Amino acid sequence: MRAVFAIASDTLTLLCRRRLFWLNIWLSLGVILLVASISCSPEGWSVGFGLQSWSSGYLRRGSPWETTLFFGVIRRAVQWWVSGAVPLLALFSMASVVPKTLKSGQAALLFTKSRSRSEVLMGRFAGGLLFAAIPTLVCLIGLFLTLGWRLGVWEWHLFLALPFTLLVFAALAATTVMLGVLTKSASASLVVTLIFAASVIALQDAASRPGEIEDEGEFKGMVRASAGSVALQALAWPLPRTHDLMEGLDRSLNLHSPRLFRDLIRRWRVGKYQVGAAAADAIDANEETSSEPVTPLQLGEAVMVTSGFCGITLVMAAMMLNRRDL
Amino acid sequence: MPAVSSIELAIDLKSLTKVYANGVQALDQLSMRVKRGEIYGLLGPNGAGKSTLIKCLTGLVHPSACRGTVLGYPVGDPAVNHQLGYLPENATWPEHLTAGQVLEFAGRLHGLTGRERGRRVTDLLKIAGLEAWQDDKPQHFSKGMRQRLGVAYALMGNPELVFLDEPTDGVDPVGRKEMRDLIRQLKREGKTVFVNSHLLDELEMICDRMAILMRGRVVRQGSLEELTLESCRYEICVSGNLLLAPGIVDLVQRLGGTISLSADGVESCIALPTRRPQLVQPVVDALRHESYLLLSVTPARQSLEELFMDAIRTGGQFSPRETGD
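Predicted, not measured: the structure shown is a model, and the values here were computed from it.

Enquirer: Mind showing me how you'd approach the overall build of chain B here?
Expert: Summing up its helical and strand segments, chain B has 10 helices and 15 strands in all. Each principal axis of the C-alpha distribution contributes one length, and for chain B these read about 80 × 45 × 35 Å. Put simply, chain B has 325 residues, and 42% of those count as buried.

The structure is reproduced here in structure tokens:
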């Protein structure tokens, strides 16, 4: 176990010295700064710490719309940046770790000093997870402090995004590790992982949508499960439950204002132009096609299935590595 | 070498075969025995299978078929790894670590505690002569310094068996001498050292026993004395042309020897294929009787280089011999 810790810590050091890590950190700080720069005054609201301000009759300090604004912005920051871009950038860094480890000059040094090849693989994977956790945590701390500073709300639930994000990242990282062992190529493993991730997200999204509603006779109002949707759900079942996990994360964030964020956006005007309408329509369209709320049971199942996927993928990677000549 | 029990053997291989996925047969029913505590050299031309053999012994490459042990463990068993040290031919050092950190990392892989690790790192940096460069990255080192760091890395866990693949490659003469001294020091500490090198004179200087590998098979194995036993001969040089003395020509031919004449025809040399001085005596007596002036009587044997070149010339076609046991 000591060797796994040693390799994980080495992996973390290796990844943290890459430029992409600092890019991730700086971009994350930029996002935090951008969110923190939004403020409401008695006359209206502004961005860029007052550089650009708009007067508003409803969005002003102390109004319920102020909470809606901050809750909405932070929810989106968590969904798109913390759980989306940050792990993606971490994956870009991590993709080359296993292929480099398997190059003969390094493999000879590392594998002859460890008790098993799986130990090396687990160490690399664990180091990658720790690496992804750093910018995620930096973002969450920043957003947590911003919310507390602007609204006086210390929302600890924000930190639930860490395990959710890491679980989704773990599924992608395990896939990258396996593909790295298989192809010994950083770019090939990264590209295939990204295609896989896009396919999984699309599939899980499609599988989670409600079926068609029967309008006739005694089946009126019931959901009809067509053969296609059953096949889709069967196909999606063993794959990482990205949709359910992200839905679960959103619900556990506890950032739901009585007034809807999209309504706030719709109201946004610059001069005589209602610039927020298109954005709000897009959100509306997304909301209409989104699935029903995820139940705790579904969420538990999603966590189990995604963890199982990671475990099985890593075991497969270890088996492949054990059979391989280095 | 007298018969040895398996417990005295660091490496005991029988019929090690490796065929790569692309069909290339790197090792062909290779058998080898290396005693504990000896320095064992591995010779062979490029593509003979030397690196594949070391990789099989260190568990990096899986043999296609093998019966044998390394320090008593089956070949390829990773449980033996902590008793092995390995300096690979082209070690690629991590770009993010300094020399000191590389050794620190090796210590952590071996499960050494903090204090123990620190002491060992200091000792190994001293042995490798890299104390002044411990905070520098190995990428900035000369080839010789990188090799020395490799040896220090291999020695981190105080291994019983050390594999050195081309340890003096790119090292200057002073560094080579230091490397030879280090290898001898390891032997004095009771470690087994397995050296793969192209530098025959170096192997000749340090190895107790050696093997010549050709096309994945051991074609010769034993100590230098054992390997060159057959090539032992006496050379007798005299003044004058011996080809003009039919009695001596006849005697030399009966003993299986040859006579050669110098280019100017004033000196002759007899080569007698024997290591027994008793067989030389009648020839010397005959030369004296014929009043030839004896210039020299020298016992001679093949050098390792001649032996190796002989193996290359014959393409390893002569029957494999296990002179070692």
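Now that the structure has been shown, the text picks up again.
Enquirer: Just checking my understanding: could you explain the interface of chain A and chain B for this structure?
Expert: Interface size is commonly expressed as the accessible area that is lost once the parts come together. On the side of chain B, 23 residues touch chain A, which itself brings 21 residues to the contact. When residues of the side of chain A that touches chain B are traced back to their parent elements, those giving at least two are α1 (2-16) and α5 (104-111) of chain A. Here the residues of the side of chain A that touches chain B sort into 8 nonpolar, 6 polar and 7 charged.

Enquirer: Which parts of the structure should I look at to understand the sheet that holds strand β4 (residues 65-70) of chain B?
Expert: Sheet strands line up and pair through hydrogen bonds in the backbone, either parallel or antiparallel. Residues and elements named next belong to chain B. Read across the sheet, 4 strands follow the order β2-β1-β4-β5 without closing on themselves; strand pairing throughout is antiparallel. Of all the strands in the sheet, just β2 (25-35) and β5 (73-74) have a single pairing partner and so form its edges. Here strand β1 (residues 9-19) runs beside β4; their pairing, made up of 5 bridges, is antiparallel. What sits directly across from Asp-12, in β4, is Thr-69. Across the sheet, helix α1 (residues 50-57) touches β1, β2 and β4, and the angle it forms with β2 is around 65°.

Enquirer: Looking at this structure, how should I read the sheet that holds strand β14 (residues 293-300) of chain B?
Expert: Residues and elements named next belong to chain B. Taken in spatial order, the 4 strands make up an open sheet running β12-β13-β11-β14, and their pairing is antiparallel. Among the strands making up the open sheet, the edge pair consists of β12 (258-261) and β14. With strand direction ignored, the average angle separating the axes of adjacent strands in the sheet is 20°. One ladder, built from 6 bridges, connects strand β11 (residues 233-239) with strand β13 (residues 267-272); its direction is antiparallel. Counted as the bridge partner of Val-238 is Ser-268 from β13.

Enquirer: Would you take a moment to explain the pairing of strand β6 (residues 84-87) of chain B for this structure?
Expert: Put simply, side chains in a regular strand alternate between the two faces of the sheet. All names here are of chain B. Here β6 shows a buried face lined by Leu-84 and Tyr-86 and a second buried face lined by Gly-85 and Leu-87. Pairing of β6 with strand β7 (residues 161-165) involves 4 bridges; the strand directions are parallel. Of the residues in β7, the one forming a bridge with Tyr-86 is Phe-163.

Enquirer: Would you mind showing me how to read the packing of helix α3 (residues 64-94) of chain A against helix α7 (residues 161-183) of chain A here?
Expert: A packed helix pair is summarised by two numbers, namely the angle formed by the two axes and the spacing between the axes. Residue and element names in this part refer to chain A. Packing of α3 against α7 brings their axes to within 10 Å, and their N-to-C directions diverge by 30°. The crossing of α3 and α7 is right-handed. Facing α3, whose interface residues are Val-78, Val-82, Ser-83, Pro-87, Ala-90, Leu-91 and Met-94, α7 presents Ala-161, Phe-164, Thr-165, Val-168, Phe-169, Leu-172, Ala-173 and Thr-176. Among the residues making up the contact of α3 with α7, the classes are represented as 12 nonpolar, 3 polar and no charged.

Enquirer: Can you walk me through the packing of α3 of chain A against helix α10 (residues 242-252) of chain A in this structure?
Expert: All names here are of chain A. One way to put it is that α3 packs onto α10 with a least axis distance of 10 Å and a crossing angle of 145°. Relative to α10, the crossing made by α3 is right-handed. The residues of α10 that touch α3, namely those facing Arg-75, Gln-79 and Ser-83, are Met-246, Leu-249 and Asp-250. Of the residues in the contact of α3 with α10, the class split is 2 nonpolar, 2 polar and 2 charged.

Enquirer: I tried to follow α7 of chain A on my own but got confused; where do I start?
Expert: Each full turn of the α-helix corresponds to 3.6 residues, which orients residues three or four apart in the same direction. Residues and elements named next belong to chain A. The end-to-end C-alpha distance of α7, which contains 23 residues, comes to 32 Å, matching closely the 33 Å that a straight helix rising 1.5 Å per residue would cover. For α7, the buried fraction is high: 19 of the 23 residues fall into the buried class. Following α7 by one or two positions, Lys-184 has its phi on the positive side, about 55°.

Enquirer: Got a minute to help me understand the nonpolar core in this structure?
Expert: The tendency in soluble globular proteins is for nonpolar side chains to be buried as a group. Counting 153 residues, the largest nonpolar core has Ile-74, Leu-143, Ala-173 and Val-177 of chain A together with Leu-103, Ala-152 and Val-195 of chain B as the members making the most contacts within it. Ranked by residues supplied to this core, first place goes to α7 of chain A with 15 residues. Ranked by size, the runner-up nonpolar core spans 10 residues in total, among them Ile-236, Val-238, Val-252 and Val-280 of chain B.

Enquirer: What should I look at first to understand unusual backbone geometry in this one?
Expert: Where the residue is not glycine, phi is negative for most of them; where a peptide bond is considered, it is trans in most cases. Residue and element names in this part refer to chain B. The backbone phi angle of Ser-15 is positive, close to 55°, even though this residue is not glycine. Mapped onto the secondary structure, Ser-15 falls in strand β1. The phi angle at Gln-29 is positive, at roughly 45°, despite the residue not being glycine. Note on placement: Gln-29 falls in strand β2. What makes Gln-29 partly exposed here is the crowd of 16 C-beta atoms within 10 Å.

Enquirer: Would you take a moment to explain the pairing of strand β9 (residues 209-214) of chain B for this structure?
Expert: All names here are of chain B. Across the 6 residues that make up β9, a large majority, 6, are buried. Note that strand β3 (residues 39-43) and β9 share 4 bridges and pair parallel. Among the inter-strand pairings, Tyr-40 is bridged to a residue of β9, identified as Arg-209. Inspection of the sheet shows β9 paired to strand β10 (residues 217-222) by 5 bridges, in the antiparallel sense. Bridge pairing in β10 links Leu-213 to Val-218.

Enquirer: Teacher, can you tell me more about α1 of chain B here?
Expert: With 8 of its 8 residues buried, α1 of chain B lies for the most part within the structure. Gly-59 of chain B sits one or two positions beyond α1 of chain B and adopts a positive phi of about 85°.

Enquirer: Sorry if this is basic, but what is going on with the domain arrangement of chain B here?
Expert: Entries for chain B in the domain assignment read domain 1 (6-227) and domain 2 (233-300). Between domain 1 of chain B and domain 2 of chain B, the C-alpha centre-to-centre distance is 46 Å.

Enquirer: I would appreciate a short explanation of the environment of Gly-127 of chain A in the present structure.
Expert: Residues and elements named next belong to chain A. Along the chain, Gly-127 falls in helix α6 (residues 117-151). The spatial distance from the C-alpha of Gly-127 to the C-alpha of Ala-3 is 12 Å, given a sequence separation of 124 residues. Non-local contacts of Gly-127, meaning those with residues more than four positions away in its chain, are made with Ile-7, Ala-8, Ser-9, Asp-10, Thr-11, Leu-12 and Leu-15.

Quick notes on the rules
- Residues numbered from 1 in each chain as written.
- Chains lettered and ligands numbered in written order.
- Predicted model: local features only at pLDDT ≥ 70, side-chain atom pairs only at ≥ 80, totals over all residues.
- Helix = DSSP H or I, 4+ residues; strand = E, 2+ residues; numbered from the N terminus.
- Buried ≥ 20, exposed ≤ 12 C-beta atoms within 10 Å, placed from the backbone.
- Contact = placed C-beta atoms within 7 Å.
- Nonpolar A, V, L, I, M, F, W, Y, C, P; charged D, E, K, R; others polar.
- Pairing = 2+ DSSP bridges.
- Axes fitted to C-alpha atoms, helices over the stretch in contact; angles between N-to-C directions.
- Left-handed = near helix turned anticlockwise from the far one by under 90°.
- Expected span 1.5 Å × (residues − 1).
- Core = buried A, V, L, I, M, F, W, Y, C linked by C-beta atoms within 7 Å.
- Domains from an automatic or database assignment.

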